[in-house]
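The residues making up each chain are set out below.
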Amino acid sequence: MAPSGGAQSPEEWELTALRLMANSARVEMLRLMAQRPMSGQELAQKLNLNSGSVFRDLNSLRNARLLLMEAIGGRNCYRTNVLAVRQITSHIADYVQKDG
């Protein structure tokens, strides 16, 4: 069923991103990486988390368009894609408030 006017229904990648953001550790990772780019090892140490879990989450967050990757000093570092987070949350808010 096609939406009648207003915001279109969320795309699959947006729903995946929302599911990933429904975890307090991942939200904290996104918050830290919004402040400055960080490597997976830095995040694991800062948050006192298992590095394997952190790298798995980084991969998932990046696949969901929530992270940008850049090389800094020969290391892969990740930065939160704040624009994508804003677009997703705004789109979902518009969709749940639409008429029809």
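Reading guide: rules and limits
Residues numbered from 1 in each chain as written. Predicted model: local features only at pLDDT ≥ 70, side-chain atom pairs only at ≥ 80, totals over all residues. Heavy atoms only, no water. Helix = DSSP H or I, 4+ residues; strand = E, 2+ residues; numbered from the N terminus. Buried < 20%, exposed > 50% of the residue type's maximum accessible area, 1.4 Å probe, protein only. Salt bridge = Lys/Arg side-chain N within 4 Å of Asp/Glu carboxyl O. Expected span 1.5 Å × (residues − 1). Arc of directions from axis to C-beta. Contact = heavy atoms within 4.5 Å. Polar contact = N/O pair within 3.5 Å; in protein donor to acceptor, adjacent residues only side chain to side chain. Axes fitted to C-alpha atoms, helices over the stretch in contact; angles between N-to-C directions. Parallel < 35°, antiparallel > 145°, perpendicular 65-115°, else oblique. Left-handed = near helix turned anticlockwise from the far one by under 90°. Nonpolar A, V, L, I, M, F, W, Y, C, P; charged D, E, K, R; others polar.

A. Just the overall build of the protein, in detail. From N to C terminus, the protein includes five helices and two strands. Helices and strands in the protein line up, N terminus first, as α-α-α-α-β-β-α. Summarising its shape, the C-alpha atoms of the protein cover approximately 50 × 25 × 20 Å along the three principal directions. The 100 residues of the protein split such that 32% are buried.

B. Up close: the pattern of salt bridges. Counted according to the given criterion, the structure contains five salt bridges. Salt-bridge contacts for Arg31 lead to Glu28; the nearest nitrogen and oxygen are separated by 2.6 Å. Taken together, the residues Arg31 and Glu28, both in helix α2 (residues 24–35) and three residues apart, mark about one turn of the helix.

C. The arrangement of helix α4 (residues 51–63) in detail. Taking 1.5 Å of rise per residue, 13 residues should cover 18 Å, and α4 covers 18 Å from first to last C-alpha, within 8% of that figure. Buried within α4 are the following residues: Val54, Asp57, Leu58 and Leu61. On an axial view of α4, the arc spanned by its buried residues comes to 105 degrees, and they lie on one face. When the buried face of α4 is taken as reference, the exposed residues oriented beyond 90 degrees from it are Arg56 and Asn63. Contact partners of the buried residues in α4: α1 (12–21), α2, α3 (40–47), β1 (67–72) and β2 (75–80). Between the side-chain oxygen at the start of α4 and the backbone nitrogen of Gly52 there is a gap of 2.7 Å, and the oxygen is on Asn50. Remark: Arg65 follows α4 within two positions and exhibits a positive phi of approximately 70 degrees.

D. Examining the environment of Asn23 more closely. Here Asn23 is to be found in the loop between α1 and α2. Taking the relative accessible area as the measure of exposure, Asn23 reaches 28% and is therefore partly exposed. Taking the C-alpha atoms as reference, Asn23 lies 16 Å from Arg65; in sequence the two are 42 residues apart. Reaching out from Asn23, the side chain makes a polar contact with the backbone nitrogen of Ala25 at a distance of 2.9 Å. Reaching out from Asn23, the side chain makes a polar contact with the backbone nitrogen of Arg26 at a distance of 2.9 Å.

E. Local environment of the packing of α3 against α4. Viewed as axis vectors pointing N to C, α3 and α4 meet at an angle of 125 degrees, and their least axial separation amounts to 9 Å. The orientation of α3 relative to α4 falls into the category oblique. In this structure, α3 crosses over α4, and the sense of that crossing is right-handed. In this structure, α3 contributes Gly40, Gln41, Leu43 and Ala44 to the contact, and α4 contributes Ser51, Val54, Phe55 and Leu58. Along the lines of polarity and charge, the residues of the contact of α3 with α4 split into five nonpolar, three polar and no charged.

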